[in-house]
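Summary of structural features
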Amino acid sequence: MPAAPRTRRQADKQRRCRELLEAAARLFGTHGYASVALDDIGSEVGVSGQAIYRHFRGKQDLLGTLLLETSAALLDGGRQIRSDCPDPHERMERLIAFHVEFALNSPEIIRVQDQEMPQLVDADRRRVRRMQREYLEIFSETVRQLHPRMTPVELRTRVHGIFGLINSTAHSVTHSYRQLPSPQELAESAPVLQVMARAAVDAPLREG
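The structure reproduced in this document is the subject of the present report. As the structure is a computational prediction, the values presented were derived from the model and not from experiment. (Residues numbered from 1 in each chain as written. Predicted model: local features only at pLDDT ≥ 70, side-chain atom pairs only at ≥ 80, totals over all residues. Heavy atoms only, no water.)

Comments concerning the overall build of the protein
Of regular secondary structure, the protein possesses eight helices and zero strands. Starting at the N terminus and ending at the C terminus, the protein contains elements arranged as α-α-α-α-α-α-α-α. Taking the principal axes of the C-alpha coordinates as reference, the protein spans close to 65 × 50 × 35 Å. Within the protein, contacts between residues separated by at least 24 positions form 71% of all contacts whose residues are at least 6 apart in sequence. (Helix = DSSP H or I, 4+ residues; strand = E, 2+ residues; numbered from the N terminus. Contact = heavy atoms within 4.5 Å.)

A look at the packing of aromatic side chains
Given two aromatic rings, one states the distance between the centres and the angle between the planes to describe the pair. A full pass over the atoms with the stated rule returns five aromatic pairs. Note on Phe98 and Tyr135: the rings are 6.5 Å apart at their centroids and 70° apart in plane angle, and the pair reads as edge-to-face. You can see Phe98 sitting in helix H4 (residues 88–105) and its partner Tyr135 sitting in helix H6 (residues 122–146), a full 37 residues away along the chain. The partly exposed category is assigned to Phe98, whose relative accessible area is 23%. Residue Tyr135 is classed as buried on the basis of its relative accessible area, which comes to 5%. Aromatic side chains Tyr135 and Phe139 sit 5.3 Å apart centroid to centroid with 75° between the ring planes, which places their arrangement in the edge-to-face category. Linking Tyr135 with Phe139, this pair stays in helix H6, spanning four residues, or about one helical turn. Here the aromatic residues Phe98, Tyr135, Phe139 and Phe163 are joined through ring pairs into a cluster of three or more. Above the ring of Tyr33, the side-chain terminus of Lys59 is found at 4.2 Å from the ring centroid. (Phe/Tyr/Trp six-rings, centres within 6.5 Å; stacked < 30°, edge-to-face > 60°. Buried < 20%, exposed > 50% of the residue type's maximum accessible area, 1.4 Å probe, protein only. Lys NZ or Arg CZ within 6 Å of the ring centre and 35° of its normal.)

Let's talk about the nonpolar core
Counting residues in hydrophobic clusters, the biggest one holds 56 residues, and the most contacted among them are Phe28, Ile41, Leu62 and Met92. Elements represented by at least two residues in this core include exactly helix H1 (8–31), helix H2 (38–45), helix H3 (59–84), H4, helix H5 (107–115), H6, helix H7 (152–175) and helix H8 (183–202). With near-sequence residues (within four places) excluded, Leu62 lies in contact with Leu20, Leu21, Ala24, Leu38, Ile41, Ile52 and Phe56. (Core = buried A, V, L, I, M, F, W, Y, C linked by side-chain atoms within 4.5 Å.)

So, in structure tokens, the structure goes:
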């Protein structure tokens, strides 16, 4: 049975929620969670800090919603790629491209994920960690299929290296210059990052 159409009020409320989450991501990622007040977030979208309580229980709820939604979106994307690509070579390429696109377009969220997890309530933190582990395991499973003789330590090191390479480089590309990169510059960066990440999967170790 098709879902009932949303009213204009419902659509406006959903849009405002999205605007607040995007503003929170920018501010938390740039200044840190502790340095950002609700008034700062509200002013980004033209409302008072108190108005945020119409949509969220407070700043911690904003952070939890942001990281839960991000983790769920990444996990859903990883699951879909795994389902669509039985061949591990194609799957690895798709997984890397998917994460590169996310990292280049969401550098603030990456920084929030890295630095602000302790600020979450326990239940949200457990849910985020669980989704992150499953997302990581999709990559690990694929690398394991590509290189079945790889030791567990090498596998773990390479998979974490993939994420470190993509996430840190994407953050640097976006924040290390006086002007934010243009969409064209981001588009040019993507294939470079993809090649580098794939090299981290396949580069042979020196013998001896």
